[in-house]
Amino acid sequence: MVDSQQNKGYRVISMFDRLNDGQGINKKQEAFSHQVSEKTIQRDLDQIREYIEKTKLNCHIEYDRIEKVYQLTNSGENLLSKEQVLVIVKILIESRALLKSEMSDIIDKLISTVAEDKQDFIHNLILNEKHLYVDLNHKKTLLGLIWSISEAVQKKKLIKIQYLREREIDSSEKVLKPLGVIFSEYYFYLIAYDSKHEKELPIVYRIDRIQDIKELDKKFTVTYTERFQEGEFRKRIQFMHAGELMLMKFIFKGTSPQAVVDRLPTAKLMKHEDGQYYFEAEVFGRGIKMWLLSQGTNIEVLEPIELREEMIETIQAMHSNYQYK
């Protein structure tokens, strides 16, 4: 039988598909099935090996001497383990970051990367959580929007957005210098400078409230020393309330100072005496108040004095809410 290019193409693709599907290729049976020589099948396998090497796939062809078949084996170097996939899926479900349909699709694709005999185990383990997953109220698909913003960040292009604040009817137009995208407490946020403000302070915008976005032709520049770093910004901001950077000093009177450092990565323990821990921490804006108030009597703010006075006023107002009339 003449081994035409059409026959050869079909044969090679068929073999590669079956190898990808976890099936073994027996050279003798394959030669008989396609009415070619075993040397031809060997050349086909060599071509598949060459393709895998050129495309840098994370797999290679191995010969199983016991089963007498060629098999495709994952190298595993860049693949997620079953344990890693399970942990990532758990974190994704808890985040409630995306629509249920989007989240379900991502989870299924993640689980499909592990060995088949472990896929059902993971599916069964998270079945109830996945079924009871609740969308956030905004009900918006965000994947395309996040990608568009990230492209503008990378290219340092100005963007024009229509932004609708909560409880407002009409959106407002803003021209921004996009700096980065951050996820925190259920929501994705755009961190940007307002192009109309002379003083460049980072402003936080909830991405689900962006009604429309357009990338402009104009670029903006940021020096290397002034470049925005999401990691450093995240260390200093609480509950995504931006503002001026300030140095806060406070006393922690609780039993777990480690919880302070976990919540405030910039916190430094200055001294420890009489069961009290004296901390300093760099933070952006007044979002820190929400965490400080959540600590009840375990926290006392020392500086800045303006923040200490704000805390006193807030606590007094809270006290008045609970007075009997």
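Residue positions are given per chain, counting from 1 as you read along its sequence in written order. Local features in a predicted model are, by the rule used here, given only for residues with pLDDT of at least 70; side-chain atom pairs are given and counted only at 80 or more, and totals for whole chains, interfaces and linings are based on all residues. Side-chain measures here rest on the full set of heavy atoms in the structure, leaving out hydrogens and waters.

### As for the pattern of salt bridges
By definition here, a salt bridge exists when the distance from a side-chain nitrogen of Lys or Arg to a carboxyl oxygen of Asp or Glu is within 4 Å. Across all of its chains, the model carries 20 salt bridges by this definition. Where Asp46 meets Arg49, a salt bridge forms, and the shortest distance between an N and an O atom there is 3.3 Å. Pair noted here: Asp46 and Arg49 are both in helix 3 (residues 38-55), with a separation of three residues, about one helical turn. Residue classification places Arg49 among the partly exposed positions, given a relative accessible area of 30%. In this structure, Lys271 engages Glu273 in a salt bridge whose closest nitrogen and oxygen atoms are separated by 3.7 Å. Burial classes: relative accessible area under 20% of the type maximum marks a residue as buried, over 50% as exposed, and values in between as partly exposed (1.4 Å probe, protein chains only). Since its relative accessible area comes to 36%, Glu273 is described here as partly exposed. Members of the salt-bridge network, linked through shared partners, are Lys155, Lys157 and Glu215. Numbering of helices and strands starts at the N terminus; helices are DSSP runs of H or I of at least 4 residues and strands are runs of E of at least 2.

### Observations concerning the environment of Cys59
Note that Cys59 resides in strand 1 (residues 59-64). Judged by relative accessible area, which is 12%, Cys59 ranks as buried. Considered as a pair, Cys59 and Leu72 are 13 residues apart in the sequence and their alpha carbons are 6.5 Å apart.

### Topic: the nonpolar core
Of all hydrophobic cores here, the largest spans 29 residues; its most connected members are Val89, Leu190 and Ile207. Contributing elements (two or more residues each) for this core: helix 4 (82-95), helix 5 (100-111), helix 6 (116-131), helix 7 (143-155), strand 3 (157-163) and strand 5 (187-194). For this core, the element with the highest residue contribution is helix 7, accounting for five residues. By the convention used here, residues are in contact when the closest approach between their heavy atoms is within 4.5 Å. For Ile207, the contacting residues outside a window of four places in its chain are Leu142, Leu145, Ile146, Ile149, Val181, Phe188, Tyr189 and Leu190. Residue types Ala, Val, Leu, Ile, Met, Phe, Trp, Tyr and Cys, when buried and joined through side-chain atoms within 4.5 Å, form a set referred to as a nonpolar core. Residues Tyr277, Val283, Ile288 and Ile299 belong to the second largest nonpolar core, which totals 18 residues.

### So, the sheet that holds strand 8 (residues 245-252)
Here four strands make up an open sheet; going across it, the order is 9-10-8-11 and the pairing antiparallel. Since the sheet does not close on itself, it has two edges, and those belong to strand 9 (268-273) and strand 11 (299-303), each with one partner. Taking the axes of each pair of neighbouring strands and ignoring which way they run, one obtains an average angle of 25 degrees across the sheet. The strands that helix 11 (residues 305-321) touches are strand 8 and strand 11; relative to strand 11, the one it contacts most, it runs at about 145 degrees. By this definition, two strands are paired if DSSP reports at least two bridges between them. In this description, a line fitted to the C-alpha atoms serves as the axis of each element, helices being fitted only across the stretch in contact, and the angle between N-to-C directions of two axes falls anywhere from 0 to 180 degrees.

### With respect to unusual backbone geometry
At the junction of Glu303 and Pro304, the peptide bond is cis and its omega measures out at 0 degrees in the coordinates. On the secondary structure map, Pro304 appears in the loop between strand 11 and helix 11. Of note in this structure, Lys68 is not a glycine but carries a positive phi near 60 degrees. Here Lys68 is to be found in the loop between strand 1 and strand 2 (69-74). Accessibility expressed as a relative area gives 51% for Lys68, which makes it exposed. You will see that Lys156, though not glycine, has its phi angle at about 55 degrees, which is positive.

### Observations concerning the environment of Ser37
By secondary structure assignment, the location of Ser37 is in the loop between helix 2 (27-34) and helix 3. Of the residues examined, Ser37 reaches a relative accessible area of 37% and is grouped as partly exposed. Separated by ten residues in the primary sequence, Ser37 and Lys27 have C-alpha atoms spaced 9.2 Å apart. A distance of 3.0 Å separates the side chain of Ser37 from the side chain of Thr40, its partner in a polar contact. N or O atoms within 3.5 Å of each other form a polar contact, as long as, within protein, one can give a hydrogen and the other can take it, and as long as residues adjacent in sequence are counted only when both atoms are side-chain atoms.

### Quick word on a negative patch on the surface
What goes into a patch is any residue over 30% in relative accessible area without a salt bridge, connected to like charges within 9 Å or, for nonpolar side chains (Val, Leu, Ile, Met, Phe, Trp, Tyr), within 5 Å. Surface accessibility in these figures is a Shrake-Rupley result with a 1.4 Å probe; residues are shielded only by whichever protein chains are displayed. Charged-residue counts in this description rest on Lys and Arg as positive and Asp and Glu as negative, His and the chain ends being excluded. Think of each charge as sitting on NZ of Lys, CZ of Arg, CG of Asp or CD of Glu. A cluster of acidic side chains, namely Asp17, Asp21, Glu116 and Asp117, defines a negative patch on the protein surface. If you trace the backbone, Asp17 turns up in helix 1 (residues 5-20). For Asp17, a relative accessible area of 47% puts it in the partly exposed group.

### Looking at the confidence of the model for the protein chain
By definition, pLDDT measures how confident the predictor is in each residue, and it falls between 0 and 100. For the protein chain, per-residue confidence averages 85 on the pLDDT scale, and 89% of positions sit at 70 or higher. Confidence, expressed as mean pLDDT per element, reaches its minimum in the protein chain at helix 8 (residues 230-236) with 58 and its maximum at strand 3 with 95.

### A closer look at the layout of surface pockets
Approximately 310 Å³ is the volume found for the second largest pocket. Lining residues are defined by having an atom within 4 Å of a point belonging to a cavity or pocket. Those points lie on a 1 Å grid over the protein atoms alone, cavities being sets where a 1.4 Å probe fits but cannot get out and pockets being open sets with protein on both sides within 12 Å along at least five of seven lines. For the second largest pocket, the lining is made up of 13 residues, of which Gly296, Ile299, Glu300, Met311 and Ile315 are closest to its centre. Elements represented by at least two residues in the lining of the second largest pocket include exactly helix 10 (288-294), strand 11 and helix 11. Taken together, the residues of the lining of the second largest pocket break down into eight nonpolar, two polar and three charged. Grid points are joined across faces, edges and corners, and a volume is the space filled by probe spheres set on the points. For this scheme, ten residues count as nonpolar: Ala, Val, Leu, Ile, Met, Phe, Trp, Tyr, Cys and Pro. Four count as charged, namely Asp, Glu, Lys and Arg, and the remainder, Gly too, count as polar.

### What to know about the packing of aromatic side chains
Between rings of Phe, Tyr and Trp, where Trp is taken as its six-membered ring, a pair exists when centres lie within 6.5 Å; planes separated by under 30 degrees are stacked, by over 60 edge-to-face, and by other angles tilted. Counted by the stated rule, this structure contains eight aromatic pairs. Relative to Tyr189, the ring of Tyr187 lies with its centre 6.4 Å away and its plane at 85 degrees, an arrangement referred to as edge-to-face. Of the residues examined, Tyr187 reaches a relative accessible area of 23% and is grouped as partly exposed. Under the relative-accessibility criterion, Tyr189 is labelled buried at 10%. Following the ring pairs from residue to residue traces out a cluster consisting of Phe250, Phe279 and Trp291. Its guanidinium or amino end placed over the ring of Tyr186, Arg96 lies 5.5 Å from that ring's centre, counting from NZ or CZ. Remark: a charge is flagged as sitting over a ring if the NZ atom of Lys or the CZ atom of Arg is within 6 Å of the ring centre and within 35 degrees of the ring normal.

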